[in-house]
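Descriptive analysis of the structure
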Amino acid sequence: MNKRTRRLAFGIAAFLLAAAALFARLSGEGGARHEADTAAGTAPAEGTADVAGTSAGDTQGKAGADVPIIRKATAHAETVGLYDKFELNVELEADYDNPYDPAQIDLSMELTSPGGKKWRVNGFYDGTAFAWKARFSPDEAGKWSYRLRAAGRGGEAMGPEGTFTAVPSDHRGWIGLSRDNPRFLEYRDGTSFYGVGVAYPWNITEDNLDKIAANGGNLVTYWNGNYDQAGGGGGASQLESVRFGIGKIDPLKAKRIDDLLEAFEKRGLHMNFVIWPHDSLADQLAGWPAAWRQNAYSTLGAARDFYASDEMWAYQERLYRYIIARWGYSRALGIWDLICEINGTDGWAFGDPEAANAWVEKAHRYFKEHDPYGHPTMGSMAGNRQDVWDFGYKTLDLADRENYYDLGYEAYAADIGERWNRYAKPLMIGETGNVSDVRKYHDAIWVSLASGLASTPIWWEFGQVNDDMFAQMKHLADFVADLDFREPRDPVHGATDGAGGVQAWAMRGETTSYGWMSVRTGTVGKKTVSLPDWPAGPYTVSWVDPWTGAPLGDLAGDAAGGKLKLTAPATERPDLAFTIRRGNG
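Residues numbered from 1 in each chain as written. Predicted model: local features only at pLDDT ≥ 70, side-chain atom pairs only at ≥ 80, totals over all residues. Heavy atoms only, no water.

1. Quick look at the pattern of salt bridges
Two side chains carrying opposite charge are able to pair once their charged atoms lie near each other. Inspection of every chain in the model, using the stated rule, returns 36 salt bridges. Ionic pairing is found between Arg 422 and Asp 390, a salt bridge with its closest N-O pair at 3.3 Å. One end of the pair, Arg 422, is in the loop between α8 (409–420) and β22 (427–428); the other, Asp 390, is in helix α7 (residues 390–395), with 32 residues separating them in the sequence. With relative accessibility at 24%, the residue Asp 390 sits in the partly exposed group. Between Glu 410 and Arg 520 there is a salt bridge, with the nearest N and O atoms lying 2.9 Å from each other. With a gap of 110 residues between them, Glu 410 in helix α8 and Arg 520 in the loop between β27 (512–519) and β28 (528–532) connect regions that are remote in the sequence. Owing to a relative accessible area of 35%, Glu 410 belongs among the partly exposed residues under this scheme. Within the structure, one salt-bridge network assembled from shared partners comprises Lys 85, Glu 87, Asp 126, Lys 133, Arg 135, Asp 258 and Arg 326. (Salt bridge = Lys/Arg side-chain N within 4 Å of Asp/Glu carboxyl O. Helix = DSSP H or I, 4+ residues; strand = E, 2+ residues; numbered from the N terminus. Buried < 20%, exposed > 50% of the residue type's maximum accessible area, 1.4 Å probe, protein only.)

2. Concerning the confidence of the model for the protein chain
Should the pLDDT be low somewhere, the predicted coordinates at that spot are not to be read in detail. Looking at the protein chain, pLDDT values average 90 and 88% of them are 70 or higher. Across residues 1–32, confidence stays below pLDDT 50; counting only partners more than four residues off in sequence or on other chains, it has 68 contacts. Contacts for the low-pLDDT stretch residues 36–64, under 50 throughout, to residues beyond four places or in other chains number 72 contacts. (pLDDT = per-residue confidence, 0-100. Contact = heavy atoms within 4.5 Å.)

3. Section: empty space enclosed by the protein
Evaluation of the coordinates by the stated rule reveals five cavities of 30 Å³ or more. The calculated volume of the largest cavity comes to roughly 110 Å³. Around the largest cavity, the lining comprises 15 residues; the ones closest to its centre are Pro 99, Tyr 100, Gly 123, Arg 321 and Tyr 322. Those elements that place two or more of their residues in the lining of the largest cavity are β7 (105–112), β9 (124–126) and α4 (310–327). (1 Å grid on protein atoms, 1.4 Å probe; cavity = no way out; pocket = protein on both sides within 12 Å on 5 of 7 lines; lining within 4 Å. Points joined across faces, edges and corners; volume = space filled by probe spheres on them.)

4. Considerations on the side chain of Thr 571
The residue Thr 571 is located in the loop between β31 (563–567) and β32 (575–582) in this model. For Thr 571, a relative accessible area of 14% puts it in the buried group. Of the polar contacts made by the side chain of Thr 571, one reaches the backbone nitrogen of Arg 573; its length is 3.1 Å. (Polar contact = N/O pair within 3.5 Å; in protein donor to acceptor, adjacent residues only side chain to side chain.)

5. Quick look at the nonpolar core
A general trend in soluble globular proteins is that nonpolar side chains are found buried together. Among the nonpolar cores identified, the biggest contains 142 residues, and Met 109, Phe 273, Trp 276, Tyr 320 and Trp 359 are the most heavily contacted of them. With residues near it in sequence (within four places) discarded, Trp 359 still touches Trp 276, Phe 306, Tyr 307, Trp 313, Gln 316, Tyr 320, Leu 338 and Ile 339. (Core = buried A, V, L, I, M, F, W, Y, C linked by side-chain atoms within 4.5 Å.)

6. Quick notes on the packing of aromatic side chains
Evaluated as defined, the whole model comprises 48 aromatic pairs. Judged by centre distance (5.4 Å) and plane angle (55°), the rings of Phe 86 and Tyr 146 are tilted. One end of the pair, Phe 86, is in strand β6 (residues 86–95); the other, Tyr 146, is in strand β11 (residues 142–152), with 60 residues separating them in the sequence. One exposure class covers both Phe 86 and Tyr 146, and it is buried. Ring centres of Tyr 100 and Tyr 322 lie 5.7 Å apart, and the angle between their planes is 65°; on these two criteria the pair is classed as edge-to-face. Taken as a pair, Tyr 100 in the loop between β6 and β7 and Tyr 322 in helix α4 lie far apart in primary sequence, 222 residues in all. Here Tyr 100 matches Tyr 322 in class, with each residue buried. (Phe/Tyr/Trp six-rings, centres within 6.5 Å; stacked < 30°, edge-to-face > 60°.)

7. Re the sheet that holds strand β13 (residues 175–177)
Within the open sheet, the three strands sit side by side as β13-β14-β15. Their pairing is antiparallel. Edge positions in the sheet fall to β13 and β15 (192–193), since each of these pairs with one other strand and no more. Alignment of strand β14 (residues 185–187) against β15, held across two bridges, turns out to be antiparallel. By the bridge assignment, Leu 185 is partnered in β15 with Phe 193. (Pairing = 2+ DSSP bridges.)

8. A word on the environment of Ala 413
Tracing the backbone through its elements, the reader meets Ala 413 in helix α8. A relative accessible area of 10% places Ala 413 in the buried class. Taking the C-alpha atoms as reference points, Ala 413 and Gly 452, separated by 39 residues in sequence, lie 8.9 Å from one another. Apart from the residues within four sequence positions on either side, Ala 413 is in contact with Val 447, Ser 451 and Trp 505.

Have a look at this one:
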């Protein structure tokens, strides 16, 4: 089989073998002392560093209790690029029944950057490799130092110390809220990020990731759900599955996410990781898909109790800690999407919406307090016209409102404009579409850009995006590549009278503005519309055919009386894109 068509991850037989072995260990060992958990066949590559030793003076524990011992830590590399993975395999001896319970065994790593900044990350147990690991991604070039710590039933021990060197790379780091323009996102290195996205919640293949990347995509939604049969079937369960039990991580799902993030990194893609799809928290809600009984939390109670149950929250804290420890380092981890369509869950419909909102705030706060990399949070209601979630928009880092109620471009613009006036943060449309319609897709992505959305509307889903739609994605991606979204801008809208009138939406900036001009019927060529609230002076308007990406030339314009008059060049298109810069030429 050609490598290009090979599914991600290992073969399903290897996965099931590893899973069966793990299940046997966790079920049969009780409270036995685990010695030097390591991955079979994972000898360090050439150039890696081994660090060993724990002195008696570095341990402290209760009388008569065994203190954890960190026998050895093996670094996979002594030198890593900025925002690449630095990983340690840790040989750990300790007493525990469940390696996923930090109350029984807690591994962490403290780091110091070349500039003296202190970091702390948690370690984790890898159930497919049968190994303890710690992962980190450096954001500063130079020599880093680190030390491991293990805490268990008998006390805690400080483990090996070591160093590694971070060298410059072409990577720009994790995405987060822009420090210069909080309406948009940026990379860790300060360069701006505009999302060009598609929902691909399951059955991801390398060939299709290549297609997304080749067409300028950079943001892909993936679910912690039950439908992913690709990659050897490792994604077909939730991270806490019924098969492995509450408080334990399904090793097949975890390995699937490892492989996906690695594949995303190779292609410059970022994952919008949906931790709780609505169906994972639905059981009795009519008209909605239900997968609660495949969720390990179903062993603790009813789906309607998920948001309010203290017992379920205690297990969630352990799950979120694990997620951050294992995947937070990755520059391909884009967004923590805490809940997708909260009103499609039993806890909202039959429980208490106020308790559900309180849970959202609590989960958001957990990630803000424990994720050292600062990935933004997001969540949503369903996409009906009445599904407006003021609490979620105010609470989470990104204000995401889905749209399945009206795919007309004026509806997108109206929604974005209303939210822009109420929430001073990046605005998202995390799901929309669910149709293969080139015109609707084209209009949706361009009007959303020109209205102030921080990403293209995320089209549901990959199978609905045909080749012509991907071509339109590429033209918009090329257009935004030349824009700096760190520049603060304000949305403006101009329109002429009449049913077939011309409209223009623009994001007005101090130095560079951009926008989209469209006509309801006919062609936009030679049509004129005025943009209001525009500072007086000369401007250069650069026109682009959004259907082909072809430049159509520059035209001079002057703003007077608070208006900038735009006259489109000759074209047979129904719409055109443009940028506006101060001055002539």
